[in-house]
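Understanding the architecture of this molecule
Here is what each chain is made of, one letter per residue.
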Amino acid sequence: MNKVLVTGGTGYIGSHTVVKLLSAGMEVLVLDNLSNSSKEVVGRIEKLSGKSLQFFEGDIRDRALLRSIFERHSCNSVIHFAGLKAVGESEEQPLKYFDNNVAGSIVLFEEMIRARIHTLIFSSSATVYGDPGYACYQESTPLSPMNTYGRTKLMVEDILRDLKKANPEMQIALLRYFNPVGAHESGDIGEHPFGVPNNLMPFISQVAVGTREKLMIYGGDYSTPDGTGLRDYIHVEDLGAGHLAALHSLSENNSLITVNLGTGHPYSVLDMVHAFEKASGKKIPYEIIGRRPGDLPEYYADPALAKKVLGWEAKLGIDRMCADTWRWQQQNPQGYS
Ligand code: NAD
Ligand code: UFG
């Protein structure tokens, strides 16, 4: 049976993916230090999947812990979500990000190799592309991240490309996510960032539920149809399915796969506000303020390679993204606490 170690498995994308892995009959171990998630998630995952998992509270930088997990459990693959992801914080505390995201990944990869685990899926990001001067990103688009967080993702990608050359038996998927949103359709798991949300969707849903007064829209003067920024929002359930497809694909090909996980359909900030109003029946008050430094006007995925290589494509549209986020937010106005 396929036994998978999922780092960061109680986090937003990890939790949705773990439900899918368990539902597909895989055995799952989760390692998470709970720096950005709650242990409550474990019970919710088990309820949704009807299966149990093994949870280890700990850090990917804890070599002794990783070694004991790999020695006691015969894992054959790792899905590596664990990481810090706040762009602004990464600029203020770069060493924290290099240590957690890069040094932590190195410890994980060393222990995987020691335990002869050769299959790995890594959470990369569209941030690795930076600003190539056009909006539709293919996997061949030059890589030039514009912030520390993005550089940690590119560094780990580079490490894995070199690792694959030195260890041809490794099977590695680098999945570059665009903008994950949405929640499990039960409303039992979803995204609840600690503190003030950095990202658009959690902010909108906290305004809708009454936790926050109004949305600040960063820039209304971009050269886009309505003046607000365009992004490729992708439902977290589609992302989870992309990981299953990648595991399947790696089991058939001894390769290094690099693919975008996006829909290919960009939406503006105002599109998201209006779709959320429709899904929730709530008015979302907003104010258009100045642009956020570092934001690009527009980018989206060319998802063709993921379809060709993984046989995967996103299925859920903007209405489901908003309806599922709203269900989660309404049922859990304070998140997991
Ligand atoms: P998340 O913060 O909800 O999940 C990450 C999980 O990793 C958290 O549960 C956290 O507690 C855990 N973690 C962090 N550092 C750890 C460490 N050193 N040891 C053990 N556990 C640790 O974030 P998410 O949105 O689910 O993102 C998952 C991955 O996908 C991250 O690597 C992120 O950089 C990447 N990604 C996210 C987005 C996005 O917008 N959400 C976009 C592209 C890529
Ligand atoms: N936005 C607002 N108000 C807010 C938050 C966001 O107007 O309160 C706007 C932004 O200006 C942007 C859009 O909404 O136009 C999306 O912003 P997000 O912060 O939700 O997402 P980003 O595209 O900036 O970045 C996200 C993640 C990164 C990840 C990247 C991948 O934060 O970690 O997607 O494409 F790398």
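The structure under discussion appears in the preceding block.
Bear in mind the structure is a predicted one, so any value in this text is a computation, not a measurement. (Residues numbered from 1 in each chain as written. Chains lettered and ligands numbered in written order. Predicted model: local features only at pLDDT ≥ 70, side-chain atom pairs only at ≥ 80, totals over all residues. Heavy atoms only, no water.)

**Quick notes on the packing of helix 5 (residues 94-114) against helix 6 (residues 148-166)**
Packing of helix 5 against helix 6 brings their axes to within 9 Å, and their N-to-C directions diverge by 20°. Between helix 5 and helix 6, the crossing angle belongs to the class labelled roughly parallel. With respect to the hand of their crossing, helix 5 and helix 6 are arranged in right-handed fashion. Counting all contacts with helix 5, which are made through Pro94, Tyr97, Phe98, Asn101, Val102, Ser105, Ile106, Phe109 and Ile113, the residues of helix 6 involved are Thr148, Tyr149, Thr152, Met155, Val156, Ile159, Leu160 and Leu163. Looking at the contact of helix 5 with helix 6, its residues break down into 13 nonpolar, four polar and no charged. (Axes fitted to C-alpha atoms, helices over the stretch in contact; angles between N-to-C directions. Helix = DSSP H or I, 4+ residues; strand = E, 2+ residues; numbered from the N terminus. Parallel < 35°, antiparallel > 145°, perpendicular 65-115°, else oblique. Left-handed = near helix turned anticlockwise from the far one by under 90°. Contact = heavy atoms within 4.5 Å. Nonpolar A, V, L, I, M, F, W, Y, C, P; charged D, E, K, R; others polar.)

**Here's the deal with the pattern of salt bridges**
Oppositely charged side chains can form a pair if their charged atoms are brought close together. Applying the stated criterion across every chain yields a total of 25 salt bridges. Asp99 is the salt-bridge partner of Arg61, the closest N and O atoms lying 2.8 Å from each other. Here Asp99 lies in helix 5 and Arg61 lies in the loop between strand 3 (54-57) and helix 3 (63-72), a separation of 38 residues in the sequence. By relative accessible area, Arg61 is classed as partly exposed at 33%. On the accessibility criterion, Asp99 (36% relative accessible area) is partly exposed. Arg63 is the salt-bridge partner of Glu110, the closest N and O atoms lying 2.7 Å from each other. (Salt bridge = Lys/Arg side-chain N within 4 Å of Asp/Glu carboxyl O. Buried < 20%, exposed > 50% of the residue type's maximum accessible area, 1.4 Å probe, protein only.)

**Some words on the site of ligand 1**
In the vicinity of ligand 1 there are 28 residues, among which Asp32, Asn36, Ser37, Phe81 and Tyr149 approach most closely. With respect to ligand 1, the backbone of Asn33 contributes an N or O atom lying 3.1 Å from a nitrogen atom. Compared with its free state, where it exposes 810 Å², ligand 1 has 96% of that area covered by protein. Of all the elements in the fold, those that place two or more residues in the shell around ligand 1 are helix 1 (12-23), strand 5 (119-125) and helix 6. (Near = heavy atom within 4 Å. Polar contact = N/O pair within 3.5 Å; in protein donor to acceptor, adjacent residues only side chain to side chain. Areas by Shrake-Rupley, 256 points an atom, 1.4 Å probe, with all protein chains shown as cover.)

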